[in-house]
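Residue-level structure breakdown
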Amino acid sequence: RKLAEYSINNLLRPSIHFGVQAMALSEDRSSHQQELERLCPSARRAAAFAGVASGDGVPTRVAFRQEGTMWMKPGSPKPSPFTASQTIAVHEPAFAWNASFAMSRFLPAIWVEDSYNGSAGLLRVSMMCLSLAKKTGSDVDEGELYRYLAEIPWCPYALVHNPQLHTEEAPKGFRLSMKLNERKTICIDCEVDEAGRVLSVHTESRPYLKDDGTCVPMPWGGRFSEWTDVPAPNGKGVVTIPMAGEVQWDLPEGPYVYWRGRITAFNVLYDS
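From a predicted model like this one, the values you see are computed outputs, not experimental measurements.

So, empty space enclosed by the protein
- This model, assessed by the stated rule, comprises one cavity of 30 Å³ or more.
- In this structure, the largest cavity occupies an estimated 130 Å³ of space.
- Considering the residues around the largest cavity, the lining is formed by 19 residues, among which Ala46, Ala50, Pro153, Pro156 and Val198 are closest to the centre.
- Top element by residues in the lining of the largest cavity is helix H2 (residues 41–50). It accounts for four residues.

As for the packing of aromatic side chains
- Scanning the model with the defined rule gives eleven aromatic pairs in all.
- Measuring from centroid to centroid gives 5.7 Å for Phe64 and Trp154, while their planes differ by 55°, and the two rings are tilted. Here Trp154 lies in the loop between helix H3 (138–150) and helix H4 (157–161) and Phe64 lies in strand S1 (residues 61–70), a separation of 90 residues in the sequence. Per residue, the accessibility class of Phe64 equals that of Trp154, and both read buried.
- Ring centres of Trp220 and Trp249 lie 6.3 Å apart, and the angle between their planes is 50°; this geometry places the pair in the tilted category. A residue pair is termed long-range when its members are at least 10 positions apart, and Trp220 in strand S11 (residues 215–231) and Trp249 in strand S12 (residues 238–251) qualify at 29 residues.
- Classification of Trp220 as buried rests on a relative accessible area of 4%.
- We classify Trp249 as buried; its relative accessible area is 6%.
- Joined through ring pairs, the aromatic side chains of Phe64, Phe82, Trp97, Phe101, Trp154, Phe224, Trp259 and Phe266 make up one cluster.
- Here the basic side chain of Arg206 rests over the ring of Trp220, its NZ or CZ set 4.3 Å away from the ring centre.

What to know about the nonpolar core
- Trp97, Tyr148, Leu159, Phe174, Leu176 and Phe266 are the most contacted members of the largest nonpolar core, which has 67 residues in total.
- With sequence-adjacent residues up to four places away left out, Tyr148 is seen in contact with Ile88, Ala89, Val90, Glu92, Pro93, Ala94, Phe95, Ala158, Asn162 and Met178.

Focus: unusual backbone geometry
- The phi dihedral of Met128 falls on the positive side, at around 55°, and the residue is not glycine.
- Locating Met128 in the fold gives a position in the loop between strand S5 (121–127) and strand S6 (130–135).
- Residue classification places Met128 among the exposed residues on the basis of a relative accessible area of 63%.
- Look at Glu226: it is not a glycine, yet its phi comes out positive at around 60°.
- Within the secondary structure layout, Glu226 lies in strand S11.

About the thresholds
- Residues numbered from 1 in each chain as written.
- Predicted model: local features only at pLDDT ≥ 70, side-chain atom pairs only at ≥ 80, totals over all residues.
- Heavy atoms only, no water.
- 1 Å grid on protein atoms, 1.4 Å probe; cavity = no way out; pocket = protein on both sides within 12 Å on 5 of 7 lines; lining within 4 Å.
- Points joined across faces, edges and corners; volume = space filled by probe spheres on them.
- Helix = DSSP H or I, 4+ residues; strand = E, 2+ residues; numbered from the N terminus.
- Phe/Tyr/Trp six-rings, centres within 6.5 Å; stacked < 30°, edge-to-face > 60°.
- Buried < 20%, exposed > 50% of the residue type's maximum accessible area, 1.4 Å probe, protein only.
- Lys NZ or Arg CZ within 6 Å of the ring centre and 35° of its normal.
- Core = buried A, V, L, I, M, F, W, Y, C linked by side-chain atoms within 4.5 Å.
- Contact = heavy atoms within 4.5 Å.

As structure tokens, this is what we get:
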């Protein structure tokens, strides 16, 4: 289905600044072919399905809006609805997710910022001008970089054009990896069907924040569905992305699905 079926128009250019300047874009076909050849076969199949294997019109980032629900704790009887905007960089590991949660009709909305700027992660919670929580540090850095890897299906251009990403064949598709720092590399397994759709992503060791404030590695992943063709501006091709997804932790007491959402607007952005 075409994106127009979702009544999506004129997503505003985001004001988020990633802090690491994007690589200069190259129109050289041989260079693009080299970028494709560094991918393993399953990753090349995913790039071809997404429509990003041709090299026509490489953007600097994508931007989209979401709506959905989150369960704040395992066993929560009622999820919290949210609306969010997000940008994901193509040439570097960077994203920013800004969400508004309507917790009660009697209280102002809760705002959540979840981001990675190329080297450091940030999780911040606020209400109006009041900061309720702020988390940084090595566990946050690692957790946010895992999120960047897991959301590559929403920014498939990065699969080809982010030189920090590495791929290798895995039993159900390909393994996507990137250096967190000089001492540690993190990776996530991507399940790919015969057509090239990335059906799910999974890792055994994303940091999980416990009630006592400590972090422990836990299995974590997500599933994608409802692939849709999105036309890029100025006739620069079509990108195919999943419009819906859900995310879960595999805790010792059982699966904990904590996020379900869908994209309501999507744009491909180019720097002049």
